[in-house]
Amino acid sequence: MDVVRPFVKWAGGKGSLIPQITKYYPFELKNGRIEKYVEPFVGGGAVLIDILQKYEVQEAYAFDINKDLINCYNVIKFNVEDLIQKLEKKEKEFLSLDNEKRKNYFYDVREEYNSYVLDAEPNVKRASEFIFLNRTCFNGLYRVNRNGKFNVPFGKYKNPTICDSSNLRNLSKLIKDVLFEYGDYKKSEEIIDRNTFVYFDPPYRPLSDTSGFTSYTKEDFNDEKQKELAEYFNLLSTRNAKLMLSNSNPKNVDSNDNFFEDIYRGFNINEVSAKRMINSNSEGRGEISELLITNYEE
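Notes on the structure in this doc start here. (Residues numbered from 1 in each chain as written. Predicted model: local features only at pLDDT ≥ 70, side-chain atom pairs only at ≥ 80, totals over all residues. Heavy atoms only, no water.)

## A closer look at the pattern of salt bridges
- A complete count under the given rule lists 19 salt bridges for this structure.
- The residue Asp 177 makes a salt bridge to Lys 176 at a minimum N-O spacing of 3.0 Å. Taken as a pair, Asp 177 and Lys 176 share a single burial class, namely exposed.
- Across the salt bridge formed by Lys 187 and Glu 181, the nearest N and O atoms sit 3.2 Å from each other.
- The class of Lys 187 is partly exposed, set by a relative accessible area of 40%. (Salt bridge = Lys/Arg side-chain N within 4 Å of Asp/Glu carboxyl O. Buried < 20%, exposed > 50% of the residue type's maximum accessible area, 1.4 Å probe, protein only.)

Written out as structure tokens, the structure is:
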């Protein structure tokens, strides 16, 4: 099988960080003693995809509070050919248009997408709209307003790949045994035990008042939510599950900010180098450090 890639662009996606994150996977995963893998914030799924391609785990679970994202995973898992058919149609129609007509096409799809609420899963039509918008909107963002409406503007790409049929088919095979569920990260609690590796990739704590990007859903992930997550991390650690968590490093802008040292006291806090991929100012795109927190030694 070819190397499988995430099917969406995702703010904070871990594709470029995989070589560094891999170094911190627990030894028990590498030697086959881990039976379960769990992602309570699956997002773009780069780490999930990496682990499924490299290691044998008996069970895998992925959760996210973004209902449309979970719908896409389930459509890819169960109805990939129907999805490809709809995406190929959109791609052919879209690429045949000039830029102004492409813009109108984009906003027509966005209006349709925002006109109804996902009810039954899996919904192929909804998934095709989600992926189309992700591939043609500005910077590949997924952002919603307070009313839960997708509000990212049109992106002026010359030749965007809307339907990567080969990758979608390979991804469908790879995730055939993964259970994808819509829900809060705490929904994962009942399945986690000492033979589980859990990777948390929550919305990052903003480095400044203007840099925050937590609008994957209409709910915000503020400092109180970060503290609640740290308490959950501590709870799972008492079960001897292997835990890893990514987040921003506030010391990039304030060397005295010990927020994560305080709420993850007693755990291992490692720094990894990352590129800031989404920034309206191109000068703000560069190397920064992020945190990788584990309850085990590297």
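## Some words on the packing of aromatic side chains
- Applying the stated criterion to the full structure yields 26 aromatic pairs.
- Measuring from centroid to centroid gives 5.3 Å for Phe 94 and Phe 132, while their planes differ by 80°, and the two rings are edge-to-face. A residue pair is termed long-range when its members are at least 10 positions apart, and Phe 94 in helix α5 (residues 80-95) and Phe 132 in helix α7 (residues 124-136) qualify at 38 residues. This pair shows no difference in class: Phe 94 is buried, exactly as Phe 132 is.
- Pairing Tyr 264 with Phe 267 gives two aromatic rings, centres 6.5 Å apart and planes at 65°, and the pair type is edge-to-face.
- Overall, Tyr 264 belongs to the buried group, its relative accessible area being 0%.
- An aromatic cluster of three or more residues is present, and its members are Phe 41, Tyr 185, Phe 200, Phe 221, Tyr 232, Phe 233, Phe 259, Phe 260, Tyr 264 and Phe 267. (Phe/Tyr/Trp six-rings, centres within 6.5 Å; stacked < 30°, edge-to-face > 60°. Helix = DSSP H or I, 4+ residues; strand = E, 2+ residues; numbered from the N terminus.)

## Overview of the environment of Ile 288
- Positionally, Ile 288 belongs in strand β7 (residues 287-294).
- Separated by 14 residues in the primary sequence, Ile 288 and Ala 274 have C-alpha atoms spaced 5.4 Å apart.

## Section: the nonpolar core
- With 67 residues, the main nonpolar core has Phe 7, Tyr 25, Phe 130, Phe 197 and Met 244 as its most contacted residues.
- Aside from chain neighbours lying at most four places away, what touches Phe 7 is Leu 69, Cys 72, Tyr 73, Ile 76, Ile 131, Arg 135, Asn 167, Leu 168 and Leu 171.
- Among the nonpolar cores identified, the runner-up in size contains 24 residues, and Val 38, Tyr 232, Leu 245 and Phe 267 belong to it. (Core = buried A, V, L, I, M, F, W, Y, C linked by side-chain atoms within 4.5 Å. Contact = heavy atoms within 4.5 Å.)

## Notes on the state of the cysteines
- Tallied over the entire structure, the rule returns zero disulfides.
- Cysteine Cys 137 remains unbridged, with the sulfur of Cys 72 as its closest cysteine sulfur at 13 Å.
- A residue is classified by how much of its surface remains accessible, and Cys 137, at 0% relative accessible area, is buried. (Disulfide = S-S within 2.5 Å.)

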